Number of protein chains: 2
Amino acid sequence: MASAQFDKAAVREVLDAVRAEGRDALTAPEGKRVADAYGIPTPKEGLATTAEEAASLAGDIGAAVVCKIVSPDILHKTEAGGVIVGVQSPEQARDAFDTIVANAKAYNASATITGVQVQEMVGGGHEVIIGATTDPTFGKVVAFGLGGVLVEVLKDVTFRLAPLERAEARSMIDGIKAADVLRGARGTEPVDADALADVIQRVSQLVADFPEIREFDLNPVFASGSGAVAADIRILVETGEVSEPARPSQEEILESMTRLMNPRSVAVVGASDQEGKIGNSVMKNLINGGYAGEIYPINPKADEILGRKCYSSVADIPGEVDVAVFAIPAKFVAGSLTECGEKGVPAAVMIPSGFAETGNQELQDEIVEIAHRYNIRMLGPNIYGYYYTPQNLCATFCTPYDVKGGVALTSQSGGIGMAILGFARTTKMGVSAIVGLGNKSDVDEDDLLTYFEQDDNTQAVAMHLEDLKDGRAFVETAKRMTTKKPVVVLKAGRTALGARAASSHTGALAGDDKVYDDILRQAGVVRAPGLNEMLEYARGLPLLPTPKGENVVIITGAGGSGVLLSDACVEAGLSLMDIPPDLDEAFRRYIPPFGAAGNPIDITGGEPPSTYEATIRLGLEDPRIHALILGYWHTIVTPPMVFAELTARVVEEAREKGIDKPVVASLAGDTEVEKASDYLFDHRIIAYPYTTERPVAVLGAKYRWARAAGLLGQGRA
Amino acid sequence: MASAQFDKAAVREVLDAVRAEGRDALTAPEGKRVADAYGIPTPKEGLATTAEEAASLAGDIGAAVVCKIVSPDILHKTEAGGVIVGVQSPEQARDAFDTIVANAKAYNASATITGVQVQEMVGGGHEVIIGATTDPTFGKVVAFGLGGVLVEVLKDVTFRLAPLERAEARSMIDGIKAADVLRGARGTEPVDADALADVIQRVSQLVADFPEIREFDLNPVFASGSGAVAADIRILVETGEVSEPARPSQEEILESMTRLMNPRSVAVVGASDQEGKIGNSVMKNLINGGYAGEIYPINPKADEILGRKCYSSVADIPGEVDVAVFAIPAKFVAGSLTECGEKGVPAAVMIPSGFAETGNQELQDEIVEIAHRYNIRMLGPNIYGYYYTPQNLCATFCTPYDVKGGVALTSQSGGIGMAILGFARTTKMGVSAIVGLGNKSDVDEDDLLTYFEQDDNTQAVAMHLEDLKDGRAFVETAKRMTTKKPVVVLKAGRTALGARAASSHTGALAGDDKVYDDILRQAGVVRAPGLNEMLEYARGLPLLPTPKGENVVIITGAGGSGVLLSDACVEAGLSLMDIPPDLDEAFRRYIPPFGAAGNPIDITGGEPPSTYEATIRLGLEDPRIHALILGYWHTIVTPPMVFAELTARVVEEAREKGIDKPVVASLAGDTEVEKASDYLFDHRIIAYPYTTERPVAVLGAKYRWARAAGLLGQGRA
């Protein structure tokens, strides 16, 4: 939808007039002018100053009309006898005009009577709400929901960033829980979804073109098989200044992040040889972690620290410094940061706390100002530091981490960062980066995403966040990134729905979390419901190949696990393949007569390794199957490690033939299944003991990403 | 609601007439007679045979009426001009009578005209549905939902076993998602919930009194502030025989289960000294497990097995035999079982497979018949056996398990049984019993619950099940049991909602899982969403003391964990306490000025052990706080084991003073937090590393049980 097709000048004129008068709400006629300028359908109407004009207008409208007095002196039109509904013909309109004017004069003899508004009566079909509001994180968002109880009591409403594409607008109509109502459930006429999507798109373009429109409601919109008409319009504008956040270009971000992650030299401001000091831990981790670049300890009281020549100031370092890691008390940071600026250090890693998080916003503002002045990109403050394993870089006071792999993790909270580290270590999770974001005074998630997007060492990203500084920048980057690599987000504070003060319906409906949820999904992000899920997705997603279609097959030795795995598939949004007869027959050849083909394929509990092997191989080799879920049952005939080894071997053989499908497994058995699960994980088969849910949830996360990335043929939505 | 107050004879007469005619549906007047007999409010009405009678009826009704032709020859009343709505006065009723009769004669001159029905017009308020259906598992269930889109598209409906108490009926009105609508959301008048509950109760009593009523719909019922009126009644009856399942008495069950779990002697039918044979594993497990009763191996081909004298048949055993464990092929079971019957063995444990699960229903029916004939209670067939640790009894072919503790677990599937065993062993879960139920040809969940209810060795029960043989017996037992001890159920197949063929609205809405969900909750059962949750609840619930109220407080060292723990509380249905000012001040005394009191109480990351200790102690000692959730952040100042030991000590000290509150903990840190979590678990503090969700979920499960058991002051509902 090209913005050029709209009459922006008309809208500009209306808004300027409203703002000039210091008003924050548009009148109904002003709202109508705005709607008309953007082609948002409203009831046909006109102003009649004579009974003949009323009759003529009614004739032009060609449907039932409502006639309403228009007078600046009459506020309560109905009370004044100034409204007549259900006017069916030009003749009736003529009579209605006369009656209304007479009533109005009787009500207030001195009232100035502008005329009588003759308006098409709308109604029928379904009442829906289309709106827009200004979200503190994401800026302009549009909303769509069914009118009445559904949206008000059940909060069945969906949001997207404005402006949006047609497909996104369509996805909103399908995105509410009660979508079936609009598709014609209960024998009603299905709505014209294209017409509705068109209105949504026009509204989204309007608020994008005019940022001073703070809130916008079309409520109700009558949607039917023949179109959509907005019966009431409410528009609220900002009375103050409207500004957009300034952002560096993607090239600038990429350049500075590349330097941060791949520094040729690191200075440690506050380096120490005293055990237990942060400046000592950072030095040791850099050295012991195997970082190959230059390390410059900075400490005015030492000549050498851990065998490295020590400088009293960054200024004294002979060579260039790419990153300065700060390990000094907050009060000394500003001075040292200025020295870094003078020296031309492009990146600072601010481990110290004592800034905004302890209420000292002023000190944080001061260092942000210094960083801006010198064009220094700053991580933190109040962080544990960061790891980037491809460079053997452990610029943190925690313990080193060296299991290299494909996932980059970030966390806003230090506690969560420590949980990431512990989990990673105990599961031997392959990691490219772990980055603390802390107070996010400068570098934030979208800066890092911009780097990870093009980083060949990173195949997936997992982020813990409590808020986004600039939701729109995040979405733009994530949207691009997620076409290539999965991004998992754990959004904390998801259930703390602070009811926002809002003067419009849409504004009141936009609880933070629902907006986050819809817009993160719109960006192709996989949202993790909790910390443990984020960690498990981070561990599993880079190992799983991308499925090529939706056909998931369960092969299980335990019927009981099969039922639970099926439940888990529904929960995870996976589709159990409808097995075609020839394939069914092929599976039956390997399983006992009382086993169940179909899906789950129940090979039954007493089977030897060869049955697992044959059925798994068939599942891998048949091109109609896109992913396998295995349910193993510990027996004497097929012990856990035998199952693990045969499965790994069969999967490996398929990979050698170029068949690489996602395979996940649930192992039910005695404690030996733990070792077997680890073995499978080591062979890129996502396996867990004592749970049917977790392997399926990880596969489901991969599918959610692949679907959103348009890799399964549905296109993005 | 005493059943005696109803006119059962009238209902009996109607139903007998319908069944005598071979019909399965009642006519509207028959439905009305049934409703009247049970005081179910319907529109006032009467049959007028003259215009005067019509006027008089309209006067008696005293409200707007609708007049309808009554004629066996006129099916399409409206087409015949036989319906006039909105009749406002006796005069209008008189005219309406004449008009209708004239229209009817014009429509069909030869029609017999019985008269004109004069009926109160109902409408306004909210349309709700009250119904009843016959569930294959639970028998008669009642349903309640809002009419229209909500119930039909969003399936917002709730079920309970019939008959029900007033409080249960009230809980249905509060139990739908859109309950706020009935409480007067959107400025509408709140409904008279007592009047609605009264109708629900009457319907529930009706279907309980007359099992031949298969399905029952009141749709719509108009509910307003002044009452509830059913505008339409639909009743379907069984045309065939209606029978209730026969059940042994609770005393009989308890006696036989006590003998099964505490046998003085066990015979192993099919005992073997050959490694790898099931009969060998069972013998070894009985002996090595330390079972102190008599063990009788049965095998015609051996004189002695594992040092025990062997008998060729159960008949040859000199003493009494309490339990016979079968480890022989299916085809030999019937013969040996008959010998057990002749010998008077009261319980058989049927490990063999090859019965209904492999399609051999006939063989299963045969052994069930033998068991019935000889009054043998039978576990299985197709099971791994059972463990009862208080008797050191491992009557299974799996490995022995000896960590004694308070939870009894059962599983319908062998695979899930193996997962229980492995999980128990790796977490050192204290167990009283693990029982395989397999094909459940005889002994089922409610038999075992009856035993565990009074078993002092069992403090909680966790059950994996795919179906219930007799849902009503289960609910009755569970309802009694859950007032004393938690019962956790993992219902597999929860998402496979087979759409049932049903002729009524209520019947169509009763997807299996929603009925299970509501009725298990009605029974006070805690439903686990998945296998891993069932296992974690089983492990944690017996360790946690019962909370005394709803005030939950989070004390955290990591602000980030605090936010996630709050999210988890909302998810788990827990209420974060509103900290009163004096308590807030008391906490503030211990935490840094930039820490956050309130709830979560954020003591901040850099604090020494003394801060954790002081705040945890305060949380335990203040009687207004009922449960604590701890968020630990791994630091050098307070390492994991220091935190674990101080927490265990402070909690122990409080227990010694008689203060025993539930305490759960989430540990974020490097791998040392795993050992610290284990230590805490050993001290009855539910602790997990790398997850904020799991400890809160276990606490939430304890609360769900305590609330349902009426232990938190709300009473059962």
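Report on the accompanying structure. Computed from a predicted structure; not experimentally measured. (Residues numbered from 1 in each chain as written. Chains lettered and ligands numbered in written order. Predicted model: local features only at pLDDT ≥ 70, side-chain atom pairs only at ≥ 80, totals over all residues. Heavy atoms only, no water.)

1. Let's talk about the overall build of chain A
Turning to step 1, where the next piece is worked out: For chain A, the helix and strand inventory stands at 24 helices and 30 strands.
Turning to step 2, where the next piece is worked out: For chain A, the C-alpha atoms occupy an extent of roughly 95 × 80 × 35 Å along the three principal directions.
Turning to step 3, where the next piece is worked out: Taken over 717 residues, chain A has a buried fraction of 60%.
Turning to step 4, where the next piece is worked out: Here the contacts in chain A between residues at least 6 apart in sequence split such that 71% fall between residues at least 24 apart.
Turning to step 5, where the next piece is worked out: As displayed, chain A has an accessible area near 26,700 Å², and 50% of this comes from carbon and sulfur atoms. (Helix = DSSP H or I, 4+ residues; strand = E, 2+ residues; numbered from the N terminus. Buried < 20%, exposed > 50% of the residue type's maximum accessible area, 1.4 Å probe, protein only. Contact = heavy atoms within 4.5 Å. Areas by Shrake-Rupley, 256 points an atom, 1.4 Å probe, with all protein chains shown as cover.)

2. Quick look at the environment of B:Asp512
Residue and element names in this part refer to chain B.
Turning to step 1, where the next piece is worked out: One can find Asp 512 in helix 17 (residues 512-522).
Turning to step 2, where the next piece is worked out: Judged by its relative accessible area of 28%, Asp 512 is partly exposed.
Turning to step 3, where the next piece is worked out: For the pair formed by Asp 512 and Pro 136, sequence separation is 376 residues and the distance between their alpha carbons is 9.1 Å.

3. Some remarks on the side chain of B:His634
Turning to step 1, where the next piece is worked out: Inspection of the secondary structure assignment puts B:His634 in the loop between strand 28 (627-633) and helix 22 (640-656).
Turning to step 2, where the next piece is worked out: For B:His634, a relative accessible area of 12% translates into the label buried.
Turning to step 3, where the next piece is worked out: Among the polar contacts made by the side chain of B:His634, one reaches the main-chain amide nitrogen of B:Asp670 at a distance of 2.9 Å.
Turning to step 4, where the next piece is worked out: With residues near it in sequence (within four places) discarded, B:His634 still touches A:Met418, B:Pro640, B:Ala668, B:Gly669, B:Asp670, B:Glu672 and B:Val673. (Polar contact = N/O pair within 3.5 Å; in protein donor to acceptor, adjacent residues only side chain to side chain.)

4. Topic: the sheet that holds strand 18 (residues 385-388) of chain A
Backbone hydrogen bonds are what pair the strands of a sheet, in a parallel or an antiparallel way.
Residue and element names in this part refer to chain A.
Turning to step 1, where the next piece is worked out: The strand order 19-18-21-20-22-23-24 describes an open sheet built from seven strands, whose pairing is mixed. Each having just a single partner strand, strand 19 (393-396) and strand 24 (526-527) make up the two edges of the open sheet.
Turning to step 2, where the next piece is worked out: Where strand 20 (residues 404-411) lies against strand 21 (residues 431-436), six bridges are found, and the strand directions are parallel. Among the inter-strand pairings, Lys 404 is bridged to a residue of strand 21, identified as Val 431. (Pairing = 2+ DSSP bridges.)

5. Some details on the relation of the copies chain A and chain B
Turning to step 1, where the next piece is worked out: Of the transformation placing chain A onto chain B, the axial shift is 0.1 Å and the rotation is 180°, giving an RMSD of 0.1 Å. Expressed as a symmetry operation, the mapping of one chain copy onto the other fits a two-fold axis.
Turning to step 2, where the next piece is worked out: Of the residues that chain A buries at the interface, 100% are likewise interface residues in chain B, meaning the two copies contact each other through the same surface. (Least-squares fit on C-alpha atoms with pLDDT ≥ 70 in both.)

6. Here's the deal with the packing of aromatic side chains
Turning to step 1, where the next piece is worked out: All chains considered together, the criterion is met by 22 aromatic pairs over all chains.
Turning to step 2, where the next piece is worked out: Summarising the aromatic geometry, the rings of A:Tyr451 and A:Phe452 are spaced 5.9 Å apart at their centres and angled 65° between planes, so their arrangement reads as edge-to-face.
Turning to step 3, where the next piece is worked out: Here A:Tyr451 falls in the buried class, since its relative accessible area comes to 4%.
Turning to step 4, where the next piece is worked out: We classify A:Phe452 as buried; its relative accessible area is 0%.
Turning to step 5, where the next piece is worked out: Counting every residue linked through ring pairs, the aromatic cluster contains A:Phe6, A:Tyr38 and A:Phe210.
Turning to step 6, where the next piece is worked out: Positioned above the aromatic ring of A:Tyr516 is the side chain of A:Lys491, whose terminal nitrogen or guanidinium carbon lies 4.4 Å from the ring centre.
Turning to step 7, where the next piece is worked out: Across the ring face of B:Tyr311, the terminal group of B:Lys309 is positioned such that the distance to the ring centre comes to 4.9 Å. (Phe/Tyr/Trp six-rings, centres within 6.5 Å; stacked < 30°, edge-to-face > 60°. Lys NZ or Arg CZ within 6 Å of the ring centre and 35° of its normal.)

7. A short note on helix 20 (residues 581-588) of chain B
Residue and element names in this part refer to chain B.
Turning to step 1, where the next piece is worked out: Turning to helix 20, its buried residues are Leu 583, Asp 584, Ala 586 and Phe 587. The arc enclosing the buried residues of helix 20, seen along the axis, measures out at 160°, which places them on a common side. Of the residues in helix 20, the exposed ones pointing more than 90 degrees away from the buried face are Pro 581 and Glu 585.
Turning to step 2, where the next piece is worked out: Buried-residue contacts for helix 20 involve strand 25 (551-556), strand 27 (601-602) and helix 21 (609-621). (Arc of directions from axis to C-beta.)

8. Quick word on the interface of chain A and chain B
Turning to step 1, where the next piece is worked out: Contact with chain A, which involves 63 residues of that partner, is made by 63 residues of chain B.
Turning to step 2, where the next piece is worked out: Taking both sides of the interface into account, the surface hidden between chain A and chain B amounts to around 4,800 Å²; carbon and sulfur atoms contribute 65%.
Turning to step 3, where the next piece is worked out: Scanning the region where chain A abuts chain B turns up two salt bridges.
Turning to step 4, where the next piece is worked out: For the salt bridge of A:Asp670 with B:Arg425, the shortest nitrogen-to-oxygen distance reads 2.8 Å.
Turning to step 5, where the next piece is worked out: Take the side of chain A that touches chain B: its biggest share by element is ten residues, from helix 13 (residues 414-427) of chain A.
Turning to step 6, where the next piece is worked out: Along the lines of polarity and charge, the residues of the side of chain A that touches chain B split into 25 nonpolar, 22 polar and 16 charged. (Buried area = accessible area lost by both parts, 1.4 Å probe. Salt bridge = Lys/Arg side-chain N within 4 Å of Asp/Glu carboxyl O. Nonpolar A, V, L, I, M, F, W, Y, C, P; charged D, E, K, R; others polar.)

9. Regarding the pairing of strand 4 (residues 115-120) of chain B
Residue and element names in this part refer to chain B.
Turning to step 1, where the next piece is worked out: A large share of strand 4 lies buried, amounting to six of its six residues.
Turning to step 2, where the next piece is worked out: Bridge analysis of strand 1 (residues 45-48) against strand 4 gives four bridges, and the strand direction is antiparallel. Its bridge partner lying in strand 4, Glu 45 is registered against Gln 119.

10. So, the pattern of salt bridges
Two side chains that carry opposite charge are able to pair once their charged atoms sit near each other.
Turning to step 1, where the next piece is worked out: This structure, assessed with the given rule, holds 102 salt bridges over all chains.
Turning to step 2, where the next piece is worked out: The closest approach of N and O atoms between A:Lys440 and A:Glu445, which form a salt bridge, is 2.7 Å. Like A:Glu445, A:Lys440 is buried.
Turning to step 3, where the next piece is worked out: B:Asp24 is the salt-bridge partner of B:Arg214, the closest N and O atoms lying 3.6 Å from each other.

11. A look at the sheet that holds strand 3 (residues 83-87) of chain B
All names here are of chain B.
Turning to step 1, where the next piece is worked out: Overall, antiparallel pairing links the four strands, which are arranged 1-4-2-3 in an open sheet. Only two strands of the sheet have a single neighbouring strand rather than two, namely strand 1 and strand 3. Averaged over all pairs of adjacent strands, the angle between their axes in this sheet comes to 20°, without regard to strand direction.
Turning to step 2, where the next piece is worked out: Where strand 2 (residues 65-70) lies against strand 3, three bridges are found, and the strand directions are antiparallel. Of the residues in strand 3, the one forming a bridge with Val 65 is Val 87.
Turning to step 3, where the next piece is worked out: Each of strand 1, strand 2, strand 3 and strand 4 touches helix 4 (residues 90-107); the most contacted strand, strand 3, lies at about 170° to it. (Axes fitted to C-alpha atoms, helices over the stretch in contact; angles between N-to-C directions.)

12. Notes on the packing of helix 13 (residues 414-427) of chain B against helix 18 (residues 531-540) of chain B
Residue and element names in this part refer to chain B.
Turning to step 1, where the next piece is worked out: For the pair helix 13 and helix 18, interaxial distance at closest approach is 11 Å and the crossing angle is 45°. Between helix 13 and helix 18, the angle is such that the two are oblique. Helix-helix and strand crossings are classified by hand; for helix 13 and helix 18 the assignment is right-handed. Contact with helix 13, carried on its side by Ile 416, Ala 419, Ile 420, Phe 423 and Thr 427, involves Leu 531, Met 534, Leu 535, Glu 536 and Arg 539 of helix 18 and no other residues of that element.
Turning to step 2, where the next piece is worked out: Each residue belonging to the contact of helix 13 with helix 18 can be placed in one class, and the counts come to seven nonpolar, one polar and two charged. (Parallel < 35°, antiparallel > 145°, perpendicular 65-115°, else oblique. Left-handed = near helix turned anticlockwise from the far one by under 90°.)

13. A closer look at the packing of helix 18 (residues 531-540) of chain A against helix 24 (residues 693-708) of chain A
Residue and element names in this part refer to chain A.
Turning to step 1, where the next piece is worked out: Following both chains from N to C, one finds helix 18 and helix 24 inclined at 70°, their axes separated by 10 Å at the closest point. As the angle between them shows, helix 18 and helix 24 are arranged roughly perpendicular. When helix 18 is examined against helix 24, the residues Asn 532, Glu 536, Tyr 537 and Gly 540 are found in contact with a partner set consisting of Arg 694, Ala 697, Val 698, Ala 701 and Arg 704.
Turning to step 2, where the next piece is worked out: Looking at the contact of helix 18 with helix 24, its residues break down into four nonpolar, two polar and three charged.

14. Quick notes on the pairing of strand 20 of chain A
Looking along a regular strand, one sees the side chains alternate between the two faces of the sheet.
Residues and elements named next belong to chain A.
Turning to step 1, where the next piece is worked out: Of all the eight residues making up strand 20, six are buried; the element is thus mostly covered by neighbouring parts of the structure.
Turning to step 2, where the next piece is worked out: In the classification by handedness, the crossover that spans strand 20, the intervening helix 13 and the parallel strand 21 is right-handed.
Turning to step 3, where the next piece is worked out: Where strand 20 meets strand 22 (residues 460-465), five bridges bridge the pair, whose relative direction is parallel. Across the sheet, residue Val 407 finds its bridge partner in strand 22, namely Ala 460. (Right-handed = clockwise from strand over helix to strand, strands pointing away.)

Shape is all these values report; function is a separate question.
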